[in-house]
Amino acid sequence: MHSPPPQPRSIARAERLRGIVRVPGDKSISHRSLMLGSLAVGTTRITGLLEGEDVLATAAAMRAMGATIDRSDDGVWTVDGVGVGGLLQPTQALDMGNSGTSTRLLMGLIASHAITATFTGDASLSSRPMGRVIEPLSLMGADITASPGGRLPAMVRGLTPAIPIQYTLPVASAQVKSAILLAALNTPGITRVIEPVPTRDHSERMLSGFGAEITSEDGPNGRIIQVRGEAELRPQDITVPGDPSSAGFWMVAGSIVPGADIRIENVGMNPTRTGLLTALKAMGADIEALNERIVGGEPVADLRVRHASLTAIDVPHDLAPSMIDEYPALFVAAAFAAGRTVARGAHELRVKESDRIATMRVALEACGVACEEFEDGLAITGTGGDPIPGGARVASKLDHRIAMSMVVAGLHAAAAIGIDDISPVATSYPDFFSTLDALAS
C-alpha cells in the first residue's frame, strides 16, 4: 500500500470546547468481531463497527480468505463465515496498510490453517518487529519467513493440525495473547497462555460469546487462559461500544482547555482499558461516568469531562497494560499539570506505529515542554495549567496517536502547533477533525 501524500495542519489555541461527542467503535472489538464472525458458521451482524482504515484492512483480508462481508446502508455489517478450519488460500498478498493488530492476529488465525499468506504493509507497519508473535506461532508449527528484524513483508505457512502449546508471555501484550488464542481455535487439544500481567480481555470475552470453550483463572505465575481447539463457533449479533482510546483524546482536551465541558457518549469501560481514566482522575481530572450499563457483554458509560487543574503524579507501572495506547495523550495531559509527572513501565511504546516515547519527547520539547526520556517512558514537567509555548512544527511519524495527541496539545498552546502529516488519523478516527471543529465552534 502506498502512503497518501502528507496532509499538514496547524492547530491554534481553542477559545471554547463544548458539546457532545460520539467516538468511533472500539478498534480492538471491531477487528475481533470481523475475524470471529468469519470463523463462525452462519451470519454475524455487527452494529457500530469502526470504519477506519485498519479495520477495513481486516475486512479485506477475511474476504480474501473466503468470508462474505457486506455493509448495509444503515451501517450494519454482516459476516457470513466459513467455519473454523475453512479459511481459503488468498490469491494475493494481504495488504495490512498501517494495522499492526490486523497483522498479528491474522498471523495467528492462519498459523493453524493449511494455507499460506504473505503480509505486506505501509512504511510504518513494515518498520515494526513481529518477532514477539512469530515465536509462539512457530512453536505451534507455523513456518514464518519474515524480512530482516522480523519485519514485513512476511510469509506465514500454516500447519494443520497445529501443535497445542503452553506459553508464558514475556511482555504484556494483548495482541500476542490473542494471536495464540486464535491459532488455538483450529488446533486439537488445549492451548494455554499465561500472562503475568493482565492485558485487555476482548478476545476472551468475544471467544466465549461465539461459543468457544475458553476458561480464565488465576494461577501462581499469572492469569491462565486456555482454549480447547477444533472449535465450532456460533454467529452473533454484536454492538461495538465506543473506543476508549479515541475517547482519551477528548478526556485530555476537556481537562486542559479552560471552560471546556464535553460529554462523550457510549464509551467502552472494560476495566482492562480504563488506565488513562484512572491516571487522569489521580491527577485531579473532573470526569464523571454517567448512564453505566452493559452492552454485548462489555461495560459502557457516558463520560462528562470538564476543565480541571491537574497535578503531577508518578503513574503506577501496573496501569501500563490498560492504557498502553493512551500514553501519548497522557504525556500531553502531563505537560499541563503542576509538577513533574513520571510515566514509566511502558516498554511496548518503543514498537508501536512509531517509537512513541522518543517521538512524543521530541514533539513536546519542540513546543517548549521539559521532558526526560527513559527506556520505558517519560518524565514531563508541566505548566500548572498555563498554555505551553507551542510554535513548533512537529512530526507525526505516520502515527495516528502522535498526530491526535499533538492536536490536543495545540488546543492550549500560546502559539499554533504545526503537524507535518495528519493523514494517519484516518486509520482509527476518520471523523476526528470534524468532531473537533464542532466542539470548538
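What you see is a predicted model, and the numbers here were worked out from it, not measured in a lab. Numbers given for residues are sequential positions, taken from 1 along each chain in its written order. Local features in this predicted model are restricted to residues of pLDDT 70 or higher, and side-chain atom pairs are both shown and tallied only at a pLDDT of 80 or more, whereas totals for entire chains, interfaces and linings draw on every residue. Hydrogens and water are ignored here; the side-chain numbers use all heavy atoms of the structure.

## Focus: the overall build of the protein
For clarity, the cut-off: Only DSSP runs of H or I covering at least 4 residues are called helices, and only runs of E covering at least 2 are called strands; the numbering of each starts at the N terminus. Using C-alpha atoms as the atom set, the radius of gyration is obtained and then compared with a globule rule of 2.2 Å times the number of residues to the power 0.38. Burial here depends on accessible area, computed with a 1.4 Å probe over protein chains only, as a share of the maximum for the residue type. Under 20% is buried, over 50% is exposed, and the range in between is partly exposed. Contacts were defined at the residue level, with two residues in contact if any of their heavy atoms lie within 4.5 Å. Note on areas: Shrake-Rupley with a 1.4 Å probe; residue coverage comes only from the protein chains shown. Under the counting rule used here, the positive set is Lys and Arg, the negative set is Asp and Glu, and His together with the chain ends is not counted. Lys charges are placed at NZ, Arg charges at CZ, Asp charges at CG and Glu charges at CD.
Counting secondary structure elements, the protein contains 13 helices and 25 strands. In summary, the protein has a C-alpha radius of gyration of 21 Å against a globular reference of 22 Å for 441 residues, a match within 12%. Seen along its three principal axes, the alpha-carbon backbone of the protein occupies a region of about 60 × 50 × 45 Å. Expressed as a percentage of the 441 residues in the protein, the buried residues total 59%. Of the contacts made within the protein by residues no fewer than 6 positions apart, 77% connect residues no fewer than 24 positions apart. For the protein, the computed accessible surface area is about 15700 Å², with 50% contributed by carbon and sulfur atoms. Averaged over its 37 positive side-chain charges, the protein has a centre that lies 1 Å from the centre of its 48 negative ones.

## Some details on the layout of surface pockets
In this approach, a probe sized like a water molecule rolls over the atoms, and the result shows the empty space that is left. Note the following rule: The method works on a 1 Å grid over the protein atoms by themselves. A cavity is a set of points holding a 1.4 Å probe that cannot get out, a pocket is an open set with protein on both sides within 12 Å along at least five of seven lines, and residues with an atom within 4 Å of a point line them. Grid points are joined across faces, edges and corners, and a volume is the space filled by probe spheres set on the points.
Approximately 550 Å³ is the volume attributed to the largest pocket. A172, I324, D325, E348 and K352 are, among the 36 residues lining the largest pocket, the residues nearest its centre. Those elements giving two or more residues to the lining of the largest pocket turn out to be α1 (27–39), α3 (100–111), α6 (174–184) and α12 (400–410). No other element matches α1, which puts four residues into the lining of the largest pocket.

## A short note on α3
Filter applied, for reference: The span one expects for a helix is its residue count, reduced by one, times 1.5 Å.
When the terminal C-alpha atoms of α3 are compared, their 16 Å separation across twelve residues agrees well with the 16 Å that a helix rising 1.5 Å per residue should span. Of all twelve residues in α3, twelve are buried, a share of seventy percent or more. Residues of α3 that are buried: G100, T101, S102, T103, R104, L105, L106, M107, G108, L109, I110 and A111.

## Considering the pairing of strand β3 (residues 43–47)
The test is simple: One bridge is not enough; two strands pair if DSSP finds at least two bridges between them.
Of the two faces of β3, the one holding T44 and I46 is buried and the one holding T43, R45 and T47 is not buried anywhere. Across four bridges, the pairing between β3 and strand β5 (residues 77–80) is antiparallel. Bridge pairing in β5 links T44 to V79. Where β3 meets strand β14 (residues 237–239), three bridges bridge the pair, whose relative direction is parallel. Bridging across to β14, R45 finds its partner in D237.

## Things to note about the environment of S441
Relative to the elements of secondary structure, S441 occurs in the segment after α13 (432–440). Owing to a relative accessible area of 62%, S441 belongs among the exposed residues under this scheme. Sequence spacing of S441 and E53 is 388 residues, and the spatial spacing of their C-alpha atoms is 28 Å.

## A look at empty space enclosed by the protein
Note the threshold: Any residue that is not Ala, Val, Leu, Ile, Met, Phe, Trp, Tyr, Cys, Pro, Asp, Glu, Lys or Arg is counted as polar, Gly included; the first ten are nonpolar and the last four charged.
This structure, assessed with the given rule, holds four cavities of 30 Å³ or more. Within this model, the largest cavity holds a volume of roughly 70 Å³. Lining the largest cavity are P244, M251, V267, G268, M269, R273, T274, G275, L276, L277, L303 and E326. Counting only elements with at least two residues in the lining of the largest cavity, the list comes to α8 (244–256), β15 (261–268) and α9 (275–282). A total of three residues in the lining of the largest cavity trace back to one element, the largest contributor, which is α9. Residues of the lining of the largest cavity, tallied by class, amount to seven nonpolar, three polar and two charged. Here the second largest cavity defines a volume of roughly 40 Å³. Lining the second largest cavity are R132, Y167, L169, P170, V171, S173 and V176. Its residues placed into classes, the lining of the second largest cavity shows five nonpolar, one polar and one charged.

## Notes on the sheet that holds strand β13 (residues 222–228)
Using the following cut-off: Here an angle of 0 to 180 degrees is reported between the N-to-C directions of two axes, which are lines fitted to C-alpha atoms, with helices fitted over the stretch in contact.
Judged by pairing direction, the sheet is mixed, and its four strands sit side by side in the order β10-β11-β13-β12 without closing on themselves. Whereas interior strands pair on both sides, the edge strands pair on one side only; in this sheet they are β10 (166–168) and β12 (214–219). Ignoring strand direction, the axes of neighbouring strands in this sheet form an average angle of 15°. With three bridges connecting them, β10 and strand β11 (residues 190–195) associate as parallel partners. Residue pairing in the sheet places Q166 in a bridge with R192 of β11.

## Comments concerning the side chain of D261
Along the polypeptide, D261 turns up in strand β15. Each residue touching D261, except ones within four places of it in the same chain, is listed here: L17, R18, G19, R304, V305 and R306.

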